[in-house]
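The chain contents come next:
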Amino acid sequence: MTKVLTDARSIRIKGRSFLAVMLSPDLPFDDWLARLDDLASRSAGFFLGRPVVLDVTDLQIDRPQLKELIAELAKRNVSIMGIEGARPSILGAGMPPALKGGRSASDIEVQPNEPAGPAGKPAAAEPRPATTQSIVIREPVRSGQSVIFPEGDVTIVGSVASGAEVIAGGSVHIYGALRGRAMAGSVGNASARIFCRKLEAELVAIDGIYKMAEDMAPNLRGQAVQLWLEEDAIMAEKLI
């Protein structure tokens, strides 16, 4: 006899996208972990409650090294939800699953037949947003709050308090004091910028490159400032 399922209480399955932090460690791991500890000590709670993906692409490591790295991150309350770029031979039971197809550059167009760069490697394509979207927050962002908008620019008509954060796939515009954290270009947009009326930030980041409060020039504190990325360095200047 064939049993027909007629229960109206079905299981609902949906697709949903989340913005994850991508960690790309360097060898030797001890030095990289020391830099990670420095970031965590100067920006408390940066990884707390965040989905984190570990990118080990092109790293020549074995399974014991990968397991040790994951264990060291767990000691720091960094929970890895998946691993990207790992060879199947170094993954095993009890480890986070392999991930692929992440859209870290979902708003970037790469033209075919790009001219070759040094040593015959393809030249890096300049990121160009395919579409421009934006949101406007017409109130202050208070301590403990997060504004996350990977699809485009974020404008805050007010201040961002210490302990608050703004994460944008495009640029960040703050028409008040920036006392918390602002991260622009979160999905691989190196052309994104950060603008604020008064710079008192705990941390700023563009395309994964970050700068802490104590690393910023003293003459920029309390000033109207724009920040942008040149190669692997965050540049800043006062707004006129």
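Above this text is the structure in question.
**What to know about the overall build of the chain**
Part 1 of the argument: Helices and strands together make up the secondary structure of the chain, namely 2 helices and 15 strands.
Part 2 of the argument: A total of 240 residues make up the chain; the buried ones form 35% of that total.
Part 3 of the argument: Nonlocal contacts in the chain, meaning residues at least 24 apart in sequence, comprise 36% of its contacts between residues at least 6 apart.
Part 4 of the argument: When the accessible area of the chain is evaluated, it comes to approximately 14,700 Å², of which 52% is carbon and sulfur surface.

**Thoughts on a nonpolar patch on the surface**
Part 1 of the argument: Taken together, the side chains of V136, V157 and Y175 define a hydrophobic patch exposed on the protein surface, amounting to about 280 Å² of accessible area.
Part 2 of the argument: The topology assignment puts V157 in the loop between β7 (153-156) and β8 (165-168).

**Remarks on the sheet that holds strand β5 (residues 134-137)**
Part 1 of the argument: Strand order in the open sheet formed by 6 strands is β5-β7-β9-β11-β14-β15, and the pairing between neighbours is mixed. Unpaired on one side and paired on the other, β5 and β15 (233-238) mark the two borders of the sheet. Each neighbouring strand pair of the sheet contributes to a mean axis angle of 25°, computed without reference to strand direction.
Part 2 of the argument: Pairing of strand β14 (residues 225-230) with β15, which is carried by 6 bridges, proceeds in the antiparallel orientation. By the bridge assignment for β15, L227 is matched with A236.

**Notes on the pairing of strand β13 (residues 209-212)**
Part 1 of the argument: Strand direction decides the pairing type here: strand β12 (residues 203-206) and β13, joined by 4 bridges, are antiparallel. Directly across from I206, in β13, lies its bridge partner I209.
Part 2 of the argument: In sequence, β12 turns back onto β13 through a hairpin of 2 residues, with D207 there showing a positive phi of about 55°.

**Considerations on the sheet that holds β12**
Sheet strands associate in pairs through backbone hydrogen bonding, adopting either a parallel or an antiparallel arrangement.
Part 1 of the argument: Pairing is mixed across the open sheet formed by 5 strands, whose spatial order is β6-β8-β10-β12-β13. Lying at the two open borders of the sheet, with one neighbouring strand each, are β6 (146-149) and β13. Averaged over neighbouring strand pairs, the angle between their axes works out to 5° when direction is ignored.
Part 2 of the argument: Examined bridge by bridge, strand β10 (residues 181-184) and β12 share 4 bridges and lie parallel to one another. When the sheet's bridge partners are listed, R181 is paired in β12 with L203.

**So, unusual backbone geometry**
Part 1 of the argument: Residue P28 follows L27 across a cis peptide bond; omega there is -5°.
Part 2 of the argument: By secondary structure assignment, the location of P28 is in the loop between β1 (21-23) and α1 (29-42).
Part 3 of the argument: Although it is not a glycine, N77 adopts a positive phi angle of roughly 60°.
Part 4 of the argument: For N77, the location among the structural elements is in the loop between α2 (63-75) and β3 (80-84).

**Section: α2**
Two residues of an α-helix separated by three or four positions point the same way, owing to the 3.6 residues in each turn.
Part 1 of the argument: Here α2 is 13 residues long and its end C-alpha atoms lie 18 Å apart, about the 18 Å a rise of 1.5 Å per residue gives.
Part 2 of the argument: Here α2 has its buried residues at L66, L69, I70 and L73. Down the axis of α2, the buried side of the element spans an arc of 95°, and every buried residue falls inside it. In α2, the exposed positions angled more than 90 degrees off the buried face are occupied by P64, E68 and K75.
Part 3 of the argument: N77 lies just past α2 and shows a positive phi near 60°.

**Details of the environment of M212**
Part 1 of the argument: Among the structural elements, M212 can be located in strand β13.
Part 2 of the argument: Spatially, the C-alpha atom of M212 lies 8.1 Å from that of L39, the residues being 173 residues apart in sequence.

**Thoughts on the pattern of salt bridges**
Part 1 of the argument: What the rule picks out here adds up to 8 salt bridges.
Part 2 of the argument: Salt-bridge contacts for R76 lead to E72; the nearest nitrogen and oxygen are separated by 3.0 Å.
Part 3 of the argument: Among the ionic pairs, K198 bridges to E200, the shortest N-O distance being 3.4 Å.
Part 4 of the argument: For E200, a relative accessible area of 24% corresponds to the partly exposed category.
Part 5 of the argument: Each of D37, E72, K75 and R76 takes part in one network of salt bridges that share partners.

Criteria and thresholds
- Residues numbered from 1 in each chain as written.
- Predicted model: local features only at pLDDT ≥ 70, side-chain atom pairs only at ≥ 80, totals over all residues.
- Heavy atoms only, no water.
- Helix = DSSP H or I, 4+ residues; strand = E, 2+ residues; numbered from the N terminus.
- Buried < 20%, exposed > 50% of the residue type's maximum accessible area, 1.4 Å probe, protein only.
- Contact = heavy atoms within 4.5 Å.
- Areas by Shrake-Rupley, 256 points an atom, 1.4 Å probe, with all protein chains shown as cover.
- Patch = residues over 30% accessible without salt bridge, like charges linked within 9 Å, V, L, I, M, F, W, Y side chains within 5 Å.
- Salt bridge = Lys/Arg side-chain N within 4 Å of Asp/Glu carboxyl O.
- Pairing = 2+ DSSP bridges.
- Axes fitted to C-alpha atoms, helices over the stretch in contact; angles between N-to-C directions.
- Expected span 1.5 Å × (residues − 1).
- Arc of directions from axis to C-beta.

Honestly, it's all geometry; don't read function into it.
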